[in-house]
Amino acid sequence: IIALSKDNLKARLAYSTVSQLSYIIMGVALLTDPGIQGGLIHIVNHAFAKITLFFCAGAIYVARHKKYISEMDGLAKTMPFTFGAFGIASLSMIGAPPVGGFITKWNLLIGSVEAHQLGILLILIASTMLNAAYFAPITYRAFFGKRPEGEPFTGIKEAPLSMLIPILIACTISVVIGIYPNFMLQFVKAVTG
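Residues numbered from 1 in each chain as written. Predicted model: local features only at pLDDT ≥ 70, side-chain atom pairs only at ≥ 80, totals over all residues. Heavy atoms only, no water.

**Observations regarding helix H1 (residues 9-29)**
And then number 1: The end-to-end C-alpha distance of H1, which contains 21 residues, comes to 31 Å, matching closely the 30 Å that a straight helix rising 1.5 Å per residue would cover.
And then number 2: Three or more residues of H1 are buried, namely Leu9, Arg12, Leu13, Ser16, Thr17, Ser19, Gln20, Tyr23, Ile24, Met26 and Gly27.
And then number 3: Tucked inside the fold, the buried residues of H1 contact helix H2 (33-64), helix H3 (80-94), helix H4 (100-114) and helix H5 (118-144).
And then number 4: If you check the start of H1, you find a side-chain oxygen 3.0 Å away from the backbone N of Lys10, and it comes from Asn8.
And then number 5: Of the residues one or two after H1, Leu31 is the one with positive phi, at around 55°. (Helix = DSSP H or I, 4+ residues; strand = E, 2+ residues; numbered from the N terminus. Expected span 1.5 Å × (residues − 1). Buried < 20%, exposed > 50% of the residue type's maximum accessible area, 1.4 Å probe, protein only. Contact = heavy atoms within 4.5 Å. Polar contact = N/O pair within 3.5 Å; in protein donor to acceptor, adjacent residues only side chain to side chain.)

The structure is reproduced here in structure tokens:
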């Protein structure tokens with residue numbers, strides 16, 4: 001809930017980490033195979049998605065000197081790769097397919113049902129809605145917001161390739177985990193076996 005009040009992009013990302021890390025603990029605490037798998041897989045999912053988001057925040061600052069969400073209206077027109085990656089990583093944090101966060105939340109939901117924990121199931125749903133509430137407006141503003149007057153479109157101006165390439169690599173890994181979750185599931189099953 002605190003993340004919703006933060007206009008500073010990095011602060012919002014930092015506060016979102018609190019809820020994301022709690023998924024790991026909650027999954028293991030469910031003591032069901034799907035719950036434990038979801039919690040352990042989320043370690044990797046969160047690592048790649050969140051580093052993508054923080055890399056994007058750095059790239060936005062380097063390329064456009066903006067660090068507040070309220071300043072990001074229309075920025076995706078000038079930074080399409082950065083904001084595309086930001087949008088995909090946001091989907092992973094929310095738990096939407098086809099990215100890795102979906103696999104995590106699906107396993108956590110199944111684990112909470114198997115553990116007969118309706119309260120945890122409701123908390124997961126509420127948390128997912130909060131994730132959407134604090135990530136979706138950023139991407140929406142960037143892609144659909146009206147650029148401020150006096151700030152003309154000057155063409156595409158992404159951060160240097162030394163920043164953009166790691167963003168795209170981390171983002172791609174998050175998508176690959178979502179599309180091919182069996183690799184991560186087999187690894188976690190071997191560990192928890």
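So, next bit.
**Some thoughts on the side chain of Ser112**
And then number 1: Mapped onto the fold, Ser112 is located in helix H4.
And then number 2: Judged by relative accessible area, which is 1%, Ser112 ranks as buried.
And then number 3: A polar atom in the side chain of Ser112 sits 2.8 Å from the backbone oxygen of Leu109.
And then number 4: Other than its neighbours up to four places away in sequence, Ser112 contacts Leu30, Gln117, Ile120, Leu121 and Leu124.

**Remarks on the nonpolar core**
And then number 1: One finds Leu9, Leu53, Ile60, Phe83, Phe86 and Phe135 to be the most contacted residues of the largest nonpolar core, which totals 28 residues.
And then number 2: Secondary structure elements with two or more residues in this core: H1, H2, H3, H5 and helix H6 (161-179).
And then number 3: Tallying contributions element by element places H2 first for this core, with seven residues.
And then number 4: Once you skip the residues sitting within four places of it in the chain, Phe135 turns out to touch Leu13, Ser16, Leu53, Ser90, Met93 and Ile94.
And then number 5: Of all hydrophobic cores here, the second largest spans six residues; its members include Tyr23, Met26, Leu30 and Ile120. (Core = buried A, V, L, I, M, F, W, Y, C linked by side-chain atoms within 4.5 Å.)

**Comments concerning the side chain of Ser127**
And then number 1: Residue placement: Ser127 occurs in helix H5.
And then number 2: Setting aside its immediate chain neighbours within four residues, Ser127 contacts Ser19 and Tyr23.

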